[in-house]
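Summary of the model geometry
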Amino acid sequence: MFIVTIDSGTTNTRVRIWQDKRIIADACAAVGVRDSAKSGNLATLTAGIKDALDRALAQAENCTLDRCAIVASGMITADVGLCPIPHLSAPVDVEQLANGAVARHIPAIAPQPIWFIPGVKNALPQVNLANLDMMDVMRGEEAETFGLLALHAVHGPAVIVLPGSHSKFVKIDRQQRIAACATTMAGELLDVLTHHTLLAGSLNRQFAARLDRDYLLQGAEACRHTGLSRACFSVRLLDLFTDATHDQKASYLLGVTLCADIQAMKQSRALALTPDTRVVISGKPILQQALAALIAADPFFTADALLVDEDPARPLSSIGAIAVMEIIMRQATPHSAAPSDVVASGDPL
Ligand SMILES: O=C(O)C(=O)C[C@@H](O)[C@H](O)CO
């Protein structure tokens, strides 16, 4: 039996084919829900996923589509995705995630149903301005979270940090459930500032290759003291009036943006962090090191953060999706696709 995992976000989709817990083929497509949101239909997204699936299948020896179970996670289950599913309300464990998965026939992609994993939201009966800070959502990171828990000896209570375009801070409770999360737009912010503002000139349109800890901490301090916007402009001043290197300027900007992340994590009423809460950081090494350095320098925290390595052979999103798929296959859940579940790519959203 082969398992195909489809990890589809806002701009990119990755298809991997697995056999015996090993990736035997993979392909990427520059499509995501941004395409369907822009066009108002699913044609580009569907065609991109199908193309990536075909390319992956062409690499996979002895594997044909009819021998595959297919499982998908990410923004693909959002209102502008291939299979809109409401978020499950936290707390959610991996079994509940599997029970909430929906099978849907999408003949333009595969003859068999695709299992879609729902996202997770914080439990809040009604959202208003007074409690907005307690609300949060994720789609895709729930699979990554359970992937991380499957691979590493992390026991709740803990907060798992998944840095990305949207950084997620995911609270795990004692029962190894997702209890709540908080999202920031640190990755997108850093990307926009580095590539699409005046700072692009000061930073040569590049992120830091190596972390300069002093500049990181100074950037964070400036953000705390003068606010995000002024601290960002200080990168230009470093460029105009000092001989700071590229890595120093880029580390400073990293400190500015991540300072706001640490603040979000500490202030979140949904995460309810205490000084001794275990913080576990995944993601790119430079982001891990930067967040760990900011936590080490922050008197609020009494414990060092734990860094977990990313293994390209065992991507968290796929490991989590496979854990969900294995539960589905074990249970042989009867709620497979009804005829009304059939989606055609030309359907309007
Ligand atoms: O659930 C939604 O609708 C989101 O917008 C969540 C988004 O932040 C993703 O988690 C990014 O990966």
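An unreviewed UniProt entry annotates the protein chain as 2-dehydro-3-deoxygalactonokinase of Serratia rhizosphaerae.

Quick look at the site of the ligand
The ligand sits among M75, H87, V137, M138, R139, E141, H166 and K168. In the model, an oxygen atom of the ligand is placed 3.0 Å from a nitrogen or oxygen of the R139 main chain. Take H166: an N or O atom from its side chain is 2.9 Å from an oxygen atom of the ligand. Protein chains shield 78% of the accessible area of the ligand, which is 330 Å² for the free molecule.

Examining the nonpolar core
One broad trend across soluble globular proteins is that nonpolar side chains are buried collectively. Among the nonpolar cores identified, the biggest contains 41 residues, and V161, L253, L254, M265, V279, I281 and I295 are the most heavily contacted of them. Take this core: its biggest share by element is nine residues, from helix α9 (residues 246-267). Sequence-distant contacts of I281, that is, excluding residues within four places in its chain, are made with V161, Q288, L291, A292, I295, A305, L306, L307 and V308. Core analysis: the second largest hydrophobic core is formed by 35 residues, I3, L149, C181 and V280 among them.

A closer look at the environment of D20
Mapped onto the fold, D20 is located in the loop between β2 (13-19) and β3 (22-29). It is 7.8 Å that separates the C-alpha atoms of D20 and F2, two residues lying 18 residues apart in sequence.

Topic: the sheet that holds strand β8 (residues 120-121)
Taken together, three strands build an open sheet; the order of strands is β5-β8-β9 and the sheet is mixed. Since the sheet does not close on itself, it has two edges, and those belong to β5 (88-89) and β9 (137-138), each with one partner. Sheet topology note: the β5/β8 ladder contains two bridges and is parallel. Residue pairing across strands places S89 opposite K121, the latter belonging to β8.

Details of unusual backbone geometry
Look at the link from A90 to P91: it is a cis peptide, with omega at 0 degrees. Inspection of the secondary structure puts P91 in the loop between β5 and α3 (94-100). The step from G156 to P157 runs through a cis peptide bond, and the omega angle for that step is 5 degrees. Tracing the backbone shows P157 in the loop between α4 (141-151) and β10 (158-162).

Focus: the pairing of β3
Of the pairings in the sheet, the one linking β2 to β3 comprises seven bridges and is antiparallel in character. Its bridge partner lying in β3, V15 is registered against A27. In sequence, β2 turns back onto β3 through a hairpin of two residues, with D20 there showing a positive phi of about 50 degrees.

Conventions used here
Residues numbered from 1 in each chain as written. Predicted model: local features only at pLDDT ≥ 70, side-chain atom pairs only at ≥ 80, totals over all residues. Heavy atoms only, no water. Near = heavy atom within 4 Å. Polar contact = N/O pair within 3.5 Å; in protein donor to acceptor, adjacent residues only side chain to side chain. Areas by Shrake-Rupley, 256 points an atom, 1.4 Å probe, with all protein chains shown as cover. Core = buried A, V, L, I, M, F, W, Y, C linked by side-chain atoms within 4.5 Å. Buried < 20%, exposed > 50% of the residue type's maximum accessible area, 1.4 Å probe, protein only. Helix = DSSP H or I, 4+ residues; strand = E, 2+ residues; numbered from the N terminus. Contact = heavy atoms within 4.5 Å. Pairing = 2+ DSSP bridges.

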